Amino acid sequence: MIPLEEAQARVLAACRPKASAAVALDDALGLVLAEAVVAADNVPPFANSAMDGFAVRAGDLADASAARPARLRVIGTIAAGAPGLIPVGDGQAVRIMTGAPFPPGADAVAIVETTRTEGDDVLVSEPVVAGAHIRPVGEDLAAGQEVFPAGVALGAGHLGVLASAGRDPVPVVPSPVVGVLSTGDELVEGSGPLQPGQIRDSNRRTLLGLLRRDGFRAVDLGIARDDEGDIRRRLEEGAQRCDAILTSGGVSMGDFDFVKKVLDDLAAMAWMQIAIRPAKPFAFGAIGDVPIFGLPGNPVSSMVSYELLARPGLRRMAGHPDQALHRPLIPAVADDGSLRRRADGRTNYTRVLAAVGPDGRYHVRTAGGQASNLLWPMAVADALAVVPPGPGVEAGGEASILLLHP
Ligand code: AMP
Ligand code: MG
């Protein structure tokens, strides 16, 4: 058996970020910037008012008070979207709305709450300091300034900032296209009646779902029979269409594992036994430059293998930086005895329910049966508790967890 870190290092060494492309902001959510982006324009593009009120000269209001308000002549109005070229002179004011361009000559905004109008005049009952309630040009971003560096994953707020800075399209790493192939003569599609010996294919649904959840473009490559020709044809076709392929099944010690033979021929696979439970067997290789992840067939194992091995590799292909490839380890308290274990030299990834307790810490308890064929507890689990070799963790003890749905 090899340590998980060794298997992960092999995967990451073979997964290269895809070439950068210009993508419309509308399609860029979740993608990673391939290069630093600089602002095309100042944000805001012009000095403007932060409040509704009157653009004034602060000096005119130096002695203003509720008892003796300053009287200014209102010479115009500037709404948001107007050009705003109404020069303000001594004793004058311009009515101005939030976001409207700030007029020349004025140097502050008297907010509407401190004013009262009287015919063509406005009476202001408080002094203002010069610059009050003015948003200067370029306060947020100056034209030519770096907006975000390469490697930033674009969230909704990032898209808004890039839009405001006039950067659309943006240079990103396109999301990898990832094929999913199930293997096995026992597998059938759909909800029709089962013949003796048959089971319904669950891994493909799960893996396609995980890929989509993680922002990859998932391609269904179907079910390959335990037949060399069928497996070969589907893998070759998949390698044409996809940037990476996930297979499930046929990587353990069974007798009819034609997957092994074909993968060896096509993809020069490395067959690994990883010191983890579940998901010990794992195979990895490449058809040309298309990485092939040979995940185990047992449903829980295929999901855990995806989380620990495929997801980091695919995230690297999607341009995520090294420190953002793996899920963070978070401390948690074991509320039951489910993290006690037998000593078999393998790190356990125990499926647990996790919730923040009144003490502000995560608390975990078992999500159900821990055999690698029992998908239900994995489906409802919030986290995997990482329990290293040894006696495990007593109730009340501390463990590290990987949150599956952060
Ligand atoms: P294998 O590694 O092909 O021997 O498969 C190990 C176990 O996982 C067997 O019980 C298979 O029936 C099961 N299995 C393999 N592929 C799938 C799948 N796509 N969906 C559900 N179970 C599967
Ligand atoms: Mg099989």
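Residues numbered from 1 in each chain as written. Chains lettered and ligands numbered in written order. Predicted model: local features only at pLDDT ≥ 70, side-chain atom pairs only at ≥ 80, totals over all residues. Heavy atoms only, no water.

### Overview of the sheet that holds strand β8 (residues 108-111)
Part 1 of the argument: Within the open sheet, the six strands sit side by side as β8-β5-β7-β6-β10-β9. Their pairing is mixed. Of all the strands in the sheet, just β8 and β9 (115-118) have a single pairing partner and so form its edges. With direction set aside, neighbouring strand axes in the sheet form an average angle of 40 degrees.
Part 2 of the argument: Two strands pair when backbone bridges link them, and strand β6 (residues 70-78) and strand β7 (residues 92-96) are joined in this way by four bridges, in the parallel orientation. If you follow Ile-78 over to β7, its bridge partner there is Ile-96. (Pairing = 2+ DSSP bridges. Helix = DSSP H or I, 4+ residues; strand = E, 2+ residues; numbered from the N terminus. Axes fitted to C-alpha atoms, helices over the stretch in contact; angles between N-to-C directions.)

### Some thoughts on the nonpolar core
Part 1 of the argument: In terms of nonpolar packing, the biggest core is built from 43 residues, with Leu-246, Phe-293 and Tyr-306 touching the most fellow members.
Part 2 of the argument: The greatest single-element share of this core, amounting to nine residues, is contributed by helix α6 (residues 299-317).
Part 3 of the argument: Residue contributions to this core reach at least three from each of two domains, namely domain 1 (4-18 + 174-324) and domain 4 (329-403).
Part 4 of the argument: Those residues in contact with Tyr-306 that lie beyond four places of it in its chain are Leu-207, Leu-210, Leu-211, Arg-213, Asp-214, Phe-216, Leu-246, Leu-295, Arg-311, Pro-312 and Leu-314.
Part 5 of the argument: Grouped together as the second largest cluster of nonpolar side chains are 21 residues, Leu-181, Ala-239, Cys-242 and Ala-283 included. (Core = buried A, V, L, I, M, F, W, Y, C linked by side-chain atoms within 4.5 Å. Buried < 20%, exposed > 50% of the residue type's maximum accessible area, 1.4 Å probe, protein only. Domains from an automatic or database assignment. Contact = heavy atoms within 4.5 Å.)

### Concerning the domain arrangement of the protein
Part 1 of the argument: Along its sequence, the protein is carved into domain 1 (4-18 + 174-324), domain 2 (21-43 + 139-173), domain 3 (48-135) and domain 4 (329-403).
Part 2 of the argument: The distance between the C-alpha centroids of domain 1 and domain 2 comes to 33 Å.
Part 3 of the argument: Taken together, the contact pairs eight residues of domain 1 with seven residues of domain 2.
Part 4 of the argument: Roughly 540 Å² is buried in total at the junction of domain 1 and domain 2, and carbon and sulfur atoms are behind 71% of that figure.
Part 5 of the argument: There are zero salt bridges connecting domain 1 and domain 2. (Buried area = accessible area lost by both parts, 1.4 Å probe. Salt bridge = Lys/Arg side-chain N within 4 Å of Asp/Glu carboxyl O.)

### A short note on the sheet that holds strand β2 (residues 32-33)
Part 1 of the argument: Strands sit in the order β1-β13-β2 across an open sheet of three strands; the sheet is antiparallel. Either end of the sheet is taken by a strand with one partner, and the two such strands are β1 (21-23) and β2.

### Regarding the pattern of salt bridges
Part 1 of the argument: Tallied over the entire structure, the rule returns 25 salt bridges.
Part 2 of the argument: Notably, a salt bridge pairs Lys-18 with Asp-243, separated by 2.7 Å at the nearest N-O pair. Highlighted residues: Lys-18 in the loop between α1 (4-14) and β1 and Asp-243 in the loop between α4 (228-241) and β18 (244-248), separated in sequence by 225 residues.
Part 3 of the argument: Among the residues examined, Asp-243 registers a relative accessible area of 21% and is labelled partly exposed.
Part 4 of the argument: Among the ionic pairs, Arg-204 bridges to Asp-201, the shortest N-O distance being 2.6 Å. An identical accessibility class is assigned to Arg-204 and Asp-201; each is buried.

### Quick word on the site of ligand 1
Part 1 of the argument: Residues in close proximity to ligand 1 total 15 residues, the closest being Glu-186, Asp-201, Ser-202, Gly-250 and Gly-297.
Part 2 of the argument: Contact distances for ligand 1 include 2.6 Å between an oxygen atom and a side-chain N or O atom of Glu-186.
Part 3 of the argument: Between ligand 1 and Gly-250 there is a distance of 2.8 Å, counted from an oxygen atom to a backbone nitrogen or oxygen.
Part 4 of the argument: The protein chains hide 77% of the 490 Å² of surface that ligand 1 would expose on its own.
Part 5 of the argument: Taken atom by atom, the bulk of ligand 1 overlaps the largest pocket.
Part 6 of the argument: Grouping the amino acids of the shell around ligand 1 by side-chain chemistry returns three nonpolar, ten polar and two charged. (Near = heavy atom within 4 Å. Polar contact = N/O pair within 3.5 Å; in protein donor to acceptor, adjacent residues only side chain to side chain. Areas by Shrake-Rupley, 256 points an atom, 1.4 Å probe, with all protein chains shown as cover. 1 Å grid on protein atoms, 1.4 Å probe; cavity = no way out; pocket = protein on both sides within 12 Å on 5 of 7 lines; lining within 4 Å. Sits in = over half its atoms within 2 Å of the grid points. Nonpolar A, V, L, I, M, F, W, Y, C, P; charged D, E, K, R; others polar.)

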